[in-house]
Amino acid sequence: MTSTRLSRRGALLGGGALVLGGCVSHPAAASEPDGVTERLGPALDRALDDRSSSLLVMQGGRILAERYAPDWPTDRPRELASVAKSIVAVLIGMAIEDGFIAGLDQSAADFIPQWRDDARRAITLRHLMSMTSGLDDTGLALRGVTGDQFVINAAAPLRDPPGSRWAYNTAAYHLLFHVLVRATGEGVESHAQRKLLGPLGMENTRWVTSPGRGAGEMVTNYYSAAATARDLARFGALVLNGGRHEGRQLIRADFLQTLTTSSQTLNPSYGLLWWCNALPGFDATGRVAGYRFPRSPRETVAALGAGGQAVLLVPSRALVVVRQGGPPAAPAFFDDLLSSVVAAVDV
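To keep things clear, this report deals only with the structure shown in the data block. (Residues numbered from 1 in each chain as written. Predicted model: local features only at pLDDT ≥ 70, side-chain atom pairs only at ≥ 80, totals over all residues. Heavy atoms only, no water.)

Right, let's talk about the nonpolar core for a bit. One finds Trp-115, Leu-196 and Trp-207 to be the most contacted residues of the largest nonpolar core, which totals 103 residues. Counting residues per element, this core draws most heavily on helix H2 (residues 83-97), which supplies 11 residues. Each residue touching Trp-115, except ones within four places of it in the same chain, is listed here: Ala-108, Ala-109, Arg-120, Arg-121, Ile-123, Leu-128, Leu-135, Ala-154 and Leu-175. (Core = buried A, V, L, I, M, F, W, Y, C linked by side-chain atoms within 4.5 Å. Buried < 20%, exposed > 50% of the residue type's maximum accessible area, 1.4 Å probe, protein only. Helix = DSSP H or I, 4+ residues; strand = E, 2+ residues; numbered from the N terminus. Contact = heavy atoms within 4.5 Å.)

One pass over the full model with this rule turns up 11 aromatic pairs. Consider the rings of Tyr-168 and Tyr-270, whose centres lie 6.2 Å apart with planes at 85°: the pair is edge-to-face. With Tyr-168 in the loop between helix H4 (149-154) and helix H5 (170-184) and Tyr-270 in the loop between helix H8 (253-259) and strand E10 (275-276), this pair connects stretches of sequence that are 102 residues apart. By relative accessible area, which is 21% here, Tyr-168 ends up partly exposed. Its relative accessible area of 0% is what places Tyr-270 among the buried residues. Three or more aromatic residues joined by ring pairs form one cluster here, namely Trp-166, Tyr-168, Tyr-270 and Trp-275. Sitting over the ring of Trp-72, Arg-76 keeps its end group 3.6 Å from the ring centre. (Phe/Tyr/Trp six-rings, centres within 6.5 Å; stacked < 30°, edge-to-face > 60°. Lys NZ or Arg CZ within 6 Å of the ring centre and 35° of its normal.)

Let us now look at the environment of Arg-76. Secondary-structure assignment places Arg-76 in the loop between strand E4 (62-68) and strand E5 (78-79). Looking at Arg-76, the relative accessible area reads 36%, which means it is partly exposed.

Rendered as structure tokens:
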């Protein structure tokens, strides 16, 4: 793939669009559709000024515009924080289709032996993915674990009955990495490369891990991933295309629909490791009530991560909007960005 390093206000290849996602694995130049790149300019410039390192807008598999900070080349990955949760959700779906996992309602204790003889055996994979496991994450580290993360996190006690309380629990989510390893018999890195990253051409994506010392052996502790805006656009396009990429069905469309639909009534804004805009609910803190993106289309779904990492999907407009960077100062940053992008493409 040929990369063009952009000026702060430059659009890709002088305003041209690119083809990727469901069309080809690597972008190729195409013509600008009806001046939309120019209309997108002011919104992307404002967003770039608010601590963004990369911004990308894609419609129908074509990149309409990109912006990058002066010190951030297009092929430099940035840590995704909880955006990686949404990638793991897709990998769980693939493992179900491959028969490694029976389904979302399979007991997590089938992969976490420590839970088989107590009340935690009622926790399903759906509970872990909907943030309703009931596990108490007090004292669990989210980075820099030097011991065996699987053993440490699996020792978490129940705080509430599974399914009775919504609480954003990243330590419980980290167990899903280990569920994948135990279900597939393969490390997350190689499995994800073979099933998802490789087929999509996500060449600049890597997993954020650290070594830990287990009982007599070294183990891998998993946290997140790092990726470029273009790699995230490829991932977003897969979801928008109902799991289809270059004529191959990588994951079933109905499973993606399940991931991106409200998963419970405790926080209707949350699907299964995805956020949705269809119903009002709460943010990750459980305090800020309302729609996630009040002025944006209700069918909007999102992969969101700390510090303002985001992959935003608007199916009715075939839109993928990617933002990476530091925490934005504007309280309504993403609603402003997304509503402005939708307005630009709707003209």
